[in-house]
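Observations on the three-dimensional arrangement
The primary structure of each chain is shown beneath.
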Amino acid sequence: MRIVFIGPPGAGKGTQCKRLVEFLKIPHLSTGEMLRAVKSEDTALSRWVASYIDAGRLAPDHLVMRIVEQRLKQSDCLAGALFDGFPRTMIQAQLLDDHLAENGLKVDMVLELAVVEDVLIDRLLKRAVSEGRLDDNRETIHERMRVYSTQTAPLVEYYAKQGKLAVIDGMQDAEAVFHQIQQRVTQV
Ligand code: AMP
């Protein structure tokens, strides 16, 4: 099964994705983690990637797609994949659909984790302290929220039109949120 997990920064995607991949036994493809891995090297590419991440802006679509395509070639992805933080733009969504279609595959389900903005900002500021993430400062958080609502939120409509969208109430505690997710994915 191929699942896309959509949600604003701080919605709790990371936590829920970890539980979901264990439950479904599919690999977790987090483009944020992949890009942070590139950023941690000491190359011209890593400095270029850092300039996007540290400013809270999206990395270029073609670069992200190239990284995802490489990852999808690995054999564990034959069982399916949980896409976390990808696609994040309409272009990425279309490139993913095209890439999967070329291989006779498709996105089976899209989970949208919905949380109100004030709660998100509070959670992200706490994460800045606990995980030391440079992109979790107040200014960058606002930029990431703006990027989410302008570039990523339209995907919700795109997948809803395809009849693939399940909206999950992310305001509850992690256990209750996961229970909702389990119910939705076992219906597919
Ligand atoms: P995340 O860990 O998913 O919050 O991603 C952290 C940062 O990585 C984002 O703010 C972007 O700068 C970059 N990033 C992650 N996924 C993508 C993507 N699909 N497209 C473009 N940039 C991305």
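Scroll up a little and you will see the structure.
Described below are features of the structure shown in this document. (Residues numbered from 1 in each chain as written. Predicted model: local features only at pLDDT ≥ 70, side-chain atom pairs only at ≥ 80, totals over all residues. Heavy atoms only, no water.)

**Looking at the packing of aromatic side chains**
For clarity, the threshold we go by: Stacked, tilted and edge-to-face are the three classes applied to pairs of Phe, Tyr and Trp rings, where Trp contributes its six-membered ring and a pair requires centres within 6.5 Å; stacked means planes under 30 degrees apart, edge-to-face means over 60, and tilted covers the rest. Classification of residues uses two cut-offs on accessible area relative to the type maximum, computed with a 1.4 Å probe and protein chains only: under 20% is buried, over 50% is exposed, and between them is partly exposed.
In this structure the tally under the stated criterion is 4 aromatic pairs. Considering the side-chain rings of phenylalanine 83 and phenylalanine 86, the 5.9 Å spacing of their centres and the 50° angle between planes classify their relative orientation as tilted. One exposure class covers both phenylalanine 83 and phenylalanine 86, and it is buried.

**Focus on the pattern of salt bridges**
To be explicit about the condition: What counts as a salt bridge is simple: a side-chain nitrogen of Lys or Arg found within 4 Å of a carboxyl oxygen of Asp or Glu. Helix and strand labels come from DSSP, where a helix needs a run of H or I of at least four residues and a strand needs a run of E of at least two; each type is numbered from the N terminus.
Under the definition given, this model contains 7 salt bridges. The salt bridge partner of aspartate 76 is arginine 71, with a shortest N-O separation of 2.7 Å. A relative accessible area of 34% places aspartate 76 in the partly exposed class. The closest approach of N and O atoms between arginine 146 and glutamate 143, which form a salt bridge, is 2.8 Å. Note that arginine 146 and glutamate 143 are positioned in helix H7 (residues 138-152) at a spacing of 3 residues, about one turn of the helix. According to the relative accessible area criterion, arginine 146 is partly exposed, its value standing at 45%. For glutamate 143, a relative accessible area of 21% gives the class partly exposed.

**With respect to the sheet that holds strand S3 (residues 81-84)**
Test applied: Here a strand pair is declared whenever DSSP counts at least two bridges between the two strands. The axes are straight lines fitted to the C-alpha atoms, using for helices just the contacting stretch, and the angles between their N-to-C directions are given from 0 to 180°. Residue contacts are defined here by distance: any two heavy atoms, one from each residue, within 4.5 Å place the two residues in contact.
Here we have 5 strands laid out as an open sheet, ordered S2-S3-S1-S4-S5, and parallel in their pairing. Every other strand in the sheet has two partners, leaving strand S2 (28-30) and strand S5 (165-169) as the edge strands with one partner each. Taking each pair of neighbouring strands and ignoring which way they run, the sheet shows an average axis angle of 20°. As paired strands, strand S1 (residues 2-6) and S3 are joined by 4 bridges and run parallel to one another. Bridge pairing in S3 links valine 4 to phenylalanine 83. With respect to the sheet, helix H2 (residues 31-39) is in contact with S2 and S3, its orientation differing from that of S2 by roughly 60°.

**Some points on the site of the ligand**
Heads up, the rule is: Definition of nearness: a residue and a molecule or strand are near each other if at least one heavy atom of the residue lies within 4 Å of the molecule or strand. Within 3.5 Å is the distance limit for a polar contact, defined as a pair of N or O atoms, with the added protein rule that one can donate a hydrogen and the other accept it, and that residues adjacent in sequence qualify only through two side-chain atoms. Here, Shrake-Rupley sampling with a 1.4 Å probe gives the accessible areas, and only protein chains in the shown set may cover a residue. Cavities and pockets were defined on a 1 Å grid built from protein atoms only: a cavity is a group of points that admits a 1.4 Å probe but offers it no way out, a pocket is an open group of points flanked by protein on both sides within 12 Å along at least five of seven lines, and a lining residue is one with an atom within 4 Å of any such point. Throughout, a molecule is located in a cavity or pocket provided that more than half of its atoms lie within 2 Å of its grid points. Think of it as three bins: nonpolar holds Ala, Val, Leu, Ile, Met, Phe, Trp, Tyr, Cys and Pro, charged holds Asp, Glu, Lys and Arg, and polar takes everything else, Gly as well.
Close to the ligand lie 15 residues; Thr31, Arg36, Arg57, Gly85 and Gln92 are nearest. The separation between a nitrogen atom of the ligand and a polar main-chain atom of alanine 59 is 3.0 Å. Glycine 85 places a main-chain nitrogen or oxygen 2.9 Å from a nitrogen atom of the ligand. Within the complex, the protein chains bury 96% of what would otherwise be the 470 Å² of accessible surface of the ligand. Of the pockets mapped on this structure, the ligand occupies the largest pocket. With 4 residues, H2 is the single largest residue contributor to the shell around the ligand. A breakdown of the residues in the shell around the ligand according to their chemical character gives 6 nonpolar, 4 polar and 5 charged.

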